[in-house]
Amino acid sequence: MELNKREKNTIGRILYNIFKESDWKDLISTCYPNMEDYEEYENFFKNLYWDNDPAESQCMAVFSDLFDACEDDVVKYLQNHYLFESRIRTTDVCIYKKFFDEEIDDVEVENEEMPNDIIKSALADVQLLVADNRPADAVDRIHTALHAFARQKCADLGDDGERTLIADMSAISKYYRDNHNEDGAKILSSLNKFLDVLNEARNKRSLAHPNSSLMDSPESVLLINVAKSIMKYLNTLEN
C-alpha cells in the first residue's frame, strides 16, 4: 500500500483523536515487541497524556515512522481497530478504499447515452480519476460535463443561448414547468444552491485554476454523484 505524506498525516490526526495510550502501545508493539523499544517514545507518551501542543504532530510523525517500518502489521492493526474504519470512511474515502479495498460509491452514467463527444470525454475523465482514487481532481471535469450537458439540453429544447450553468439549468426548469412537469421543474429549481457550490468548487477548489487546496474526497464524490444524477434524470425527459 502506498500512502503519501498528506494521507499519513490524515491518519495520524485521526489516531490522535481516537486512540488511547493503550492503543498506541499495541500499535507500536506490532513493530517493536520488546518493551525496551518504548523508551524512545517516552516523550511522545508524556505529551499524549497531558495533551501538550506537540501531541498531534507527534502522532502524525509516529504513525509515519511505524508505517514505513512495518507497513503490513500496521495496516492489519488499523483494519481491525473498532473505530478506525468508520472514522476514515467519513474523513477520506480514498484512504478508506486503500485500507478496505472497496469501490467508491460512484453513480454510473452510460457514456453512450450522452448527447455529444464533449460530455462523453469529460465523463470518461471523471471515471478514470475516480477509479484512480482522485475524485478531487475530477471536480472541474464533472462541472464541464454538466455544463455541456445543460447547454446541449437547452439546444434540444430550441434554446441555443450560451449562458452560465445556472442560467442554462434555470431555462431547462422553466421549459418543463411551462410544459406540465411541475414536480420535475420544482426539483430542478431547488438545485440552484448545489450549482452555486459546484461552481465555487470548480473555481476555487479544483484543478481548473492554480488553487491553494482541493476539495476533500468525500465531498468531491458527493458533487460528482449529484451532477451525474442530474444528467441521468434529464436524459429520461422528453424534449
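Residues numbered from 1 in each chain as written. Predicted model: local features only at pLDDT ≥ 70, side-chain atom pairs only at ≥ 80, totals over all residues. Heavy atoms only, no water.

A. Structural context of the overall build of the protein chain. Within the protein chain one finds 13 helices and zero strands. Each helix and strand of the protein chain, ordered N terminal to C terminal, gives the series α-α-α-α-α-α-α-α-α-α-α-α-α. Against the compact-globule benchmark of 18 Å for 239 residues, the protein chain has a radius of gyration of 23 Å, which places it well outside the compact range. When its C-alpha atoms are laid out on the principal axes, the protein chain stretches across 75 × 35 × 35 Å. Evaluated residue by residue, the protein chain yields a buried proportion of 44% over its 239 residues. In the protein chain, of all internal contacts separated by at least 6 residues, the share reaching a separation of at least 24 is 61%. Accessible area for the protein chain stands at about 13100 Å²; split by element, carbon and sulfur atoms hold 45% of it. (Helix = DSSP H or I, 4+ residues; strand = E, 2+ residues; numbered from the N terminus. Rg over C-alpha atoms; globule rule 2.2 N^0.38 Å. Buried < 20%, exposed > 50% of the residue type's maximum accessible area, 1.4 Å probe, protein only. Contact = heavy atoms within 4.5 Å. Areas by Shrake-Rupley, 256 points an atom, 1.4 Å probe, with all protein chains shown as cover.)

B. Structural detail: the pattern of salt bridges. One pass over the full model with this rule turns up 11 salt bridges. Among the salt bridges present, the one from K174 reaches D178, with a minimum N-O distance of 2.8 Å. Of this pair, K174 and D178 both sit in helix α10 (residues 165-178), four residues apart, which is roughly one turn of the helix. The class for K174 is partly exposed, based on a relative accessible area of 44%. Sharing partners across several salt bridges, the network here consists of R151, D159, R163 and D168. (Salt bridge = Lys/Arg side-chain N within 4 Å of Asp/Glu carboxyl O.)

C. Examining the nonpolar core more closely. With 36 residues, the main nonpolar core has L123, I142, L146, M169, I172, M231 and L234 as its most contacted residues. Contributions of two or more residues to this core are made by α8 (117-131), α9 (139-156), α10, α12 (192-204) and α13 (217-236). One finds L3, C59, V75 and F99 within the second-largest nonpolar core, a separate group that totals 30 residues. (Core = buried A, V, L, I, M, F, W, Y, C linked by side-chain atoms within 4.5 Å.)

D. Highlighting the packing of aromatic side chains. Evaluated as defined, the whole model comprises 11 aromatic pairs. Ring centres of Y175 and Y176 lie 5.0 Å apart, and the angle between their planes is 90°; on these two criteria the pair is classed as edge-to-face. Taking the relative accessible area as the measure of exposure, Y175 reaches 25% and is therefore partly exposed. Accessibility expressed as a relative area gives 4% for Y176, which makes it buried. Among the aromatic residues, those joined into a cluster by ring pairs are F19, W24, F44, F45 and Y77. (Phe/Tyr/Trp six-rings, centres within 6.5 Å; stacked < 30°, edge-to-face > 60°.)

E. Spatial organisation of the domain arrangement of the protein chain. When the domains of the protein chain are assigned, the result is domain 1 (5-100) and domain 2 (117-236). In total, domain 1 and domain 2 occlude about 470 Å² of area from one another, counting both sides; carbon and sulfur atoms represent 62% of this. Sorting the residues of domain 1 by area buried against domain 2 places V93, C94 and K97 first, and these three jointly supply 68% of that buried surface. Viewed at the interface, domain 2 and domain 1 are joined by zero residue pairs in polar contact (both at pLDDT 80 or more). (Domains from an automatic or database assignment. Buried area = accessible area lost by both parts, 1.4 Å probe. Polar contact = N/O pair within 3.5 Å; in protein donor to acceptor, adjacent residues only side chain to side chain.)

F. Structural view of the layout of surface pockets. What the largest pocket holds in volume is close to 340 Å³. Along the walls of the largest pocket sit 17 residues, with R6, D92, A136, M215 and S217 positioned nearest its centre. The set of elements that each furnish at least two residues to the lining of the largest pocket consists of α1 (5-18) and α7 (93-100). Residue classes in the lining of the largest pocket are distributed as five nonpolar, five polar and seven charged. When residues of the lining of the largest pocket are sorted by domain, at least three fall in each of domain 1 (5-100) and domain 2 (117-236). (1 Å grid on protein atoms, 1.4 Å probe; cavity = no way out; pocket = protein on both sides within 12 Å on 5 of 7 lines; lining within 4 Å. Points joined across faces, edges and corners; volume = space filled by probe spheres on them. Nonpolar A, V, L, I, M, F, W, Y, C, P; charged D, E, K, R; others polar.)

G. Representation of the packing of α9 against α12 within the structure. For the pair α9 and α12, interaxial distance at closest approach is 9 Å and the crossing angle is 130°. The pairing of α9 with α12 is recorded here as oblique in orientation. Read as a crossing pair, α9 and α12 show a hand that is left-handed. Here V139, D140, I142, H143 and L146 of α9 come into contact with α12, specifically with L195, L198, N199, A201 and R202. Its residues placed into classes, the contact of α9 with α12 shows six nonpolar, two polar and two charged. (Axes fitted to C-alpha atoms, helices over the stretch in contact; angles between N-to-C directions. Parallel < 35°, antiparallel > 145°, perpendicular 65-115°, else oblique. Left-handed = near helix turned anticlockwise from the far one by under 90°.)

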